[in-house]
Amino acid sequence: MSPRLAKALINGLLIGVAAVALFPLLWMLSVSFMAPGAASTLPPPLLPRHASWDNYRELFVHAGMGRYLINSLLVAGAITVLSVVFNLLAGYAFAKLRFAGRERLFQALLGALVIPAQVAMLPLFLLLKYMGLVNSYAGVVVPALATVFGIFLVRQYARGIPDELLEAARIDGASESRIFVQIVLPLLKPIVVTLAIFTFLAAWNDFMWPLIVLTGQEHYTLPIGLASLAREHSQDSELMMAGSVVTVLPVLLLFLSMQRYYLEGLLLGSVKG
Amino acid sequence: MNPQRTAWLFLAPALVVLGVFFLLPVLAALALSLTDYDLYALANIHNLRFVALGNYWELLHRPLFWAALGHTVYFVALGVPLSMGASLGAAMLLNSPLATAKPFFRTALFAPVVTTVVATAVIWRYLFNTKYGMANYLLGLVDIHPVDWLGDPHWAMPTIIAFAVWKNFGYNMIIFLAGLQAIPPDLYEAARIDGASPWRQFRHITLPMLKPTMLMVGILTVSGYFQLFAEPYVMTEGGPLQSTVSVLYLMYDEGFKWWNLGSASAVAFLLFVIMFAVTVLMLKLSQRGDQT
């Protein structure tokens, strides 16, 4: 095969795959601006005849989407800030602080990775019920405050910090908390950003646990709100597409602006060591 | 303060969370699965009885459990190879020196991964609408009769598999891409000089060099696909004729719709045992492959 043909073939295939990957998302955007009923015609319209914000107005004024959006921001924001702090402290301790049983404890944590989260869900629900946290933001946030994956990621990265640096600071009389804040934290900045994006995306997109623990509409996050909306209004395609845009757009924009960190983190997390 | 105490102080928040909200519930799930914890026990704990392996015994005699397991295995057995094949194919296209605009394509192919399952499942439900869906319209152009994608028990699961492959292939693509870039170029150089065809290069260089990546990606994808839940919940509600009820869907219904928490815990544990067994089997098979 001539190089020019091969080049055309490869790039043609790439364009094809990219079209398949993006088409549903682009069409979602287009349909979300169509008038009610306009999308349920043949042939399926690609662009709205008269673009309008009516579906979005309907979502926010009548369907409570604004509330769900705020709930999602609150829940995902709280999970991100707190769990990044918890995982940072633990990951750094595993990487750089010496204590008895360190390796064994870490191995045990890694071993726990084989247990799917769903095994814990039923007793967790009962536990939170007795704590009075069912149908509260705390019920969604608390179980997500530390992850083995996050601790692992931080540990991998923190192992690159030279011990001499920390020893020198100790000899100079700096306290452990001061060493962590003034020396370690600035060095860990890239992994903090990576971990924060990962955590936020996962918390935003999470479905099963919020579905279980949030029983009242006033606490629904976007995915739960959208799923319940989709059951009531299954025929209103235009409205559903607008709801999908509201749910997907924030994470897509976050990813687009921070993709370097996200993709690096994905690779860092996938290499076991 | 001595270093040991600092270390435990730093570890405490994360370990308390993991201990109280993960490890403890996992152990409790085992205990729970041996009881008849249901709506009555939820109201008054004194109604709780120990039933030993009764829940497991009953599950193994329930056709719906076997059906759910069958659907899940179907999803894994078809979805994982398709998903990994798509990932590897896309990664090889992106890795080709002839490809242009790589950053754009990489981002475009990855975009579905970061989107919310529920939102994209809603989109797919619309694309595969029997009457007005784009899928049937395109088929109609080449004179194929409309298919009731999500309403026909034979088509519902394949449609969900297609959705899952679209949604997830970008994730493994990035990992494969890194794996491909780690293969020394002189291996291909030498093979070309020896006159090896692209297919032979793929079989004798790319695949063997990617094997560790392949194994890891395979294990992660299999365990991820066993946890099928949101897709059928949003797209089909387990239907039609319960053809898309997965094991986790059954657990959810059993636990949080009918409040049979004991029996639902047994479902969760059986799923865990199956996933664990499959993972061990995959590791064993790959080791045997190394020896020959």
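Residues numbered from 1 in each chain as written. Chains lettered and ligands numbered in written order. Predicted model: local features only at pLDDT ≥ 70, side-chain atom pairs only at ≥ 80, totals over all residues. Heavy atoms only, no water.

(A) View of the overall build of chain B. Per the secondary structure count, chain B includes 13 helices and 0 strands. The helix and strand sequence of chain B, counted from the amino end, reads α-α-α-α-α-α-α-α-α-α-α-α-α. C-alpha atoms of chain B, sized along the principal axes, occupy 75 × 70 × 40 Å. When each of the 292 residues of chain B is scored for burial, the buried share is 51%. Taking all contacts inside chain B whose residues are at least 6 apart in sequence as the whole, residues at least 24 apart take part in 67%. As displayed, chain B offers around 13900 Å² of accessible surface, 68% of which is attributable to carbon and sulfur atoms. (Helix = DSSP H or I, 4+ residues; strand = E, 2+ residues; numbered from the N terminus. Buried < 20%, exposed > 50% of the residue type's maximum accessible area, 1.4 Å probe, protein only. Contact = heavy atoms within 4.5 Å. Areas by Shrake-Rupley, 256 points an atom, 1.4 Å probe, with all protein chains shown as cover.)

(B) Representation of the overall build of chain A. Tallying secondary structure elements over chain A gives 13 helices and 0 strands in all. Walking chain A from its N terminus toward its C terminus, one meets helices and strands in the order α-α-α-α-α-α-α-α-α-α-α-α-α. Across its three principal axes, chain A shows a C-alpha extent of roughly 75 × 70 × 35 Å. Across the 273 residues of chain A, 52% fall into the buried class. For chain A, the proportion of contacts with a sequence separation of at least 24, taken over those separated by at least 6, is 74%. Accessible surface, chain A as shown: approximately 12200 Å² in total, 67% of it carbon and sulfur. One finds the centroid of the 18 positive side-chain charges in chain A at a distance of 7 Å from the centroid of its 14 negative side-chain charges. (Lys, Arg positive; Asp, Glu negative; His and termini not counted. Charge placed at Lys NZ, Arg CZ, Asp CG, Glu CD.)

(C) The interface of chain A and chain B, seen in detail. Every contact between the two is made by 95 residues of chain A and, on the other side, 83 residues of chain B. Summing the contributions of chain A and of chain B, the shared interface buries around 8000 Å²; its carbon and sulfur component is 82%. The largest per-residue losses of area from chain A upon contact with chain B belong to A:Leu14, A:Leu122 and A:Arg231, which jointly make up 9% of the total buried on that side. There are 1 salt bridge connecting chain A and chain B. Viewed at the interface, chain B and chain A are joined by 13 residue pairs in polar contact (both at pLDDT 80 or more). (Buried area = accessible area lost by both parts, 1.4 Å probe. Salt bridge = Lys/Arg side-chain N within 4 Å of Asp/Glu carboxyl O. Polar contact = N/O pair within 3.5 Å; in protein donor to acceptor, adjacent residues only side chain to side chain.)

(D) Local environment of the packing of helix H1 (residues 3-32) of chain A against helix H6 (residues 117-127) of chain B. It is at 10 Å that the axes of H1(A) and H6(B) come closest, and there the two elements cross at 85°. One way to sum up the angle between H1(A) and H6(B) is to call them roughly perpendicular. In this structure, H1(A) contributes A:Phe23, A:Pro24, A:Leu25, A:Trp27, A:Met28 and A:Val31 to the contact, and H6(B) contributes B:Thr120, B:Ile123, B:Trp124, B:Tyr126 and B:Leu127. (Axes fitted to C-alpha atoms, helices over the stretch in contact; angles between N-to-C directions. Parallel < 35°, antiparallel > 145°, perpendicular 65-115°, else oblique.)

(E) Representation of the packing of helix H4 (residues 63-95) of chain B against helix H5 (residues 102-114) of chain B. Residue and element names in this part refer to chain B. Between H4 and H5, the shortest axis-to-axis distance is 10 Å and the interhelical angle comes to 165°. For the element pair H4 / H5, the angle class is roughly antiparallel. Two packed elements cross with a definite hand, and for H4 against H5 that hand is left-handed. Contact residues: H4 offers Ala 90, Leu 94 and Asn 95, while H5 offers Lys 102, Phe 105, Arg 106 and Leu 109. Broken down by class, the residue content of the contact of H4 with H5 amounts to 4 nonpolar, 1 polar and 2 charged. (Left-handed = near helix turned anticlockwise from the far one by under 90°. Nonpolar A, V, L, I, M, F, W, Y, C, P; charged D, E, K, R; others polar.)

(F) View of the confidence of the model for chain B. Residue and element names in this part refer to chain B. Scored by pLDDT, chain B comes out at a mean of 93, with 99% of its residues at no less than 70. Across chain B, the element-wise mean pLDDT spans from 83 in helix H2 (residues 39-43) up to 97 in H4. The ipTM value of the predicted complex is 0.93, and its pTM value is 0.94. (pLDDT = per-residue confidence, 0-100.)

(G) Broad picture of the environment of A:Leu195. Residues and elements named next belong to chain A. Relative to the elements of secondary structure, Leu 195 occurs in helix H10 (residues 189-205). Of the residues examined, Leu 195 reaches a relative accessible area of 3% and is grouped as buried. For the pair formed by Leu 195 and Leu 266, sequence separation is 71 residues and the distance between their alpha carbons is 9.8 Å. Among residues more than four places away in sequence, those in contact with Leu 195 are Val 84, Asn 87, Gly 150, Leu 153 and Val 154.

(H) Quick look at the side chain of B:Thr206. As for its placement among the helices and strands, B:Thr206 is situated in helix H10 (residues 198-226). Leave out the neighbours within four places in its chain, and B:Thr206 touches B:Leu180, B:Ile183, B:Tyr188 and B:Gln201.

(I) Structural view of the packing of aromatic side chains. Under the defined criterion, the tally for this structure stands at 41 aromatic pairs over all chains. With a centroid separation of 5.9 Å and an interplanar angle of 45°, the aromatic rings of B:Phe229 and B:Tyr249 are classed as tilted. With B:Phe229 in the loop between H10 and helix H11 (230-235) and B:Tyr249 in helix H12 (residues 247-257), the pair connects residues that are 20 residues apart, well separated along the chain. In this structure, A:Lys129 packs its charged tip against the face of A:Tyr130, placed 5.4 Å from the ring centre. (Phe/Tyr/Trp six-rings, centres within 6.5 Å; stacked < 30°, edge-to-face > 60°. Lys NZ or Arg CZ within 6 Å of the ring centre and 35° of its normal.)

(J) Inspection of a nonpolar patch on the surface at higher detail. Residue and element names in this part refer to chain B. Taken together, the side chains of Leu 138, Leu 141, Val 142 and Ile 144 make up a nonpolar region of the molecular surface, amounting to roughly 390 Å² of accessible area. Of note, Val 142 is situated in the loop between helix H7 (134-141) and helix H8 (153-181). Val 142 sits in the exposed class, given a relative accessible area of 59%. (Patch = residues over 30% accessible without salt bridge, like charges linked within 9 Å, V, L, I, M, F, W, Y side chains within 5 Å.)

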